Amino acid sequence: MPLEGEYDPSPAQWIREQVELYESSGGTQGTTLWDTGLPVVIVTMRGARSGRIRKIPLMRVEHEGRYAAVASKGGFPRHPVWYFNLKADPQVDLQDGPERRSMTAREVIGEEKAQWWQRAVAAYPPYAEYQEKADRVIPVFVLEPEHLAGPANAPAPTGH
């Protein structure tokens, strides 16, 4: 079910403009990062403190219906604000081109994170540089539809 509530646009002008173009065009424009040609998705989440709706463009890193959300912030010392939003409320909406879907975010670790990190760097090579210059481990979330929730190849919950 799509997130509802008051939308609070990003204070960063480029983010506001990209989200507006992406959404107003139905996902046919604003779908790449600046002029690199590399695809992005729009992730809608609830602000951890405000409870208001927040939207951000993230690099498109997709695998078998799941998406990575890499909290790189360009290698800066602190996590991006949206990292804390996902930790507080993992329910998100994702728009990939014209397609929108409700998803759940979970932070990945260990071997699963290593696999997603490889996919992320393949999609956007600067992530490797960001990790080298960061004084922190860059977190990775996997965004997945409920029917796919959980680590890949994990047994389905039994409901007991």
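Look a little higher up for the structure.
Residues numbered from 1 in each chain as written. Predicted model: local features only at pLDDT ≥ 70, side-chain atom pairs only at ≥ 80, totals over all residues. Heavy atoms only, no water.

**Brief notes about the pairing of strand β5 (residues 91–96)**
In step 1: Along β5, five of the six residues are buried, which leaves the element largely enclosed by surrounding structure.
In step 2: Alignment of strand β1 (residues 40–46) against β5, held across three bridges, turns out to be antiparallel. Across the sheet, isoleucine 42 pairs through a bridge with glutamine 95, a residue of β5.
In step 3: Taken together, the six bridges between β5 and strand β6 (residues 99–107) define a ladder with antiparallel strand orientation. Looking across to β6, one finds that valine 92 is bridged to methionine 103.
In step 4: Adjacent in sequence and paired antiparallel, β5 and β6 are bridged by two residues, among which glycine 97 carries a positive phi angle near 65°. (Buried < 20%, exposed > 50% of the residue type's maximum accessible area, 1.4 Å probe, protein only. Helix = DSSP H or I, 4+ residues; strand = E, 2+ residues; numbered from the N terminus. Pairing = 2+ DSSP bridges.)

**Notes on the side chain of threonine 44**
In step 1: On the secondary structure map, threonine 44 appears in strand β1.
In step 2: On the basis of relative accessible area, threonine 44 is assigned to the buried category, the value being 8%.
In step 3: Those residues within four positions of threonine 44 in sequence are excluded, and the remaining contacts are Leu3, Ile53, Arg54, Lys55, Gln91, Val92 and Asp93. (Contact = heavy atoms within 4.5 Å.)

**Looking at the sheet that holds strand β4 (residues 66–70)**
In step 1: Overall, antiparallel pairing links the seven strands, which are arranged β2-β1-β5-β6-β7-β4-β3 in an open sheet. Where the open sheet ends on each side, the last strands, each with one partner, are β2 (53–59) and β3 (62–63).
In step 2: Contacting β1, β2, β5 and β6, helix α1 (residues 13–24) runs over the sheet at an angle of about 90° to β2. (Axes fitted to C-alpha atoms, helices over the stretch in contact; angles between N-to-C directions.)

**Some remarks on the nonpolar core**
What tends to happen in soluble globular proteins is that the nonpolar side chains get buried as a cluster.
In step 1: Residues Met59, Val70, Tyr127 and Val140 are the most contacted members of the largest nonpolar core, which totals 20 residues.
In step 2: Only α1, β1, β4, α3 (110–123), α4 (126–133) and β7 (140–144) provide two or more residues apiece to this core.
In step 3: The residues contacting valine 140, other than those within four sequence positions of it, are Ala68, Ala69, Val70, Arg106, Glu107, Val108, Lys113, Trp116 and Trp117. (Core = buried A, V, L, I, M, F, W, Y, C linked by side-chain atoms within 4.5 Å.)

**Points about unusual backbone geometry**
In step 1: Not every positive phi belongs to a glycine, and glutamate 64 is a case in point at roughly 50°.
In step 2: When you line up the elements, glutamate 64 lands in the loop between β3 and β4.
In step 3: Taking relative accessible area as the criterion, glutamate 64 reaches 60% and is therefore assigned exposed.
In step 4: Positive phi outside glycine occurs at lysine 73, with the angle close to 50°.
In step 5: Note on placement: lysine 73 falls in the loop between β4 and α2 (81–88).
In step 6: Under the relative-accessibility criterion, lysine 73 is labelled partly exposed at 40%.

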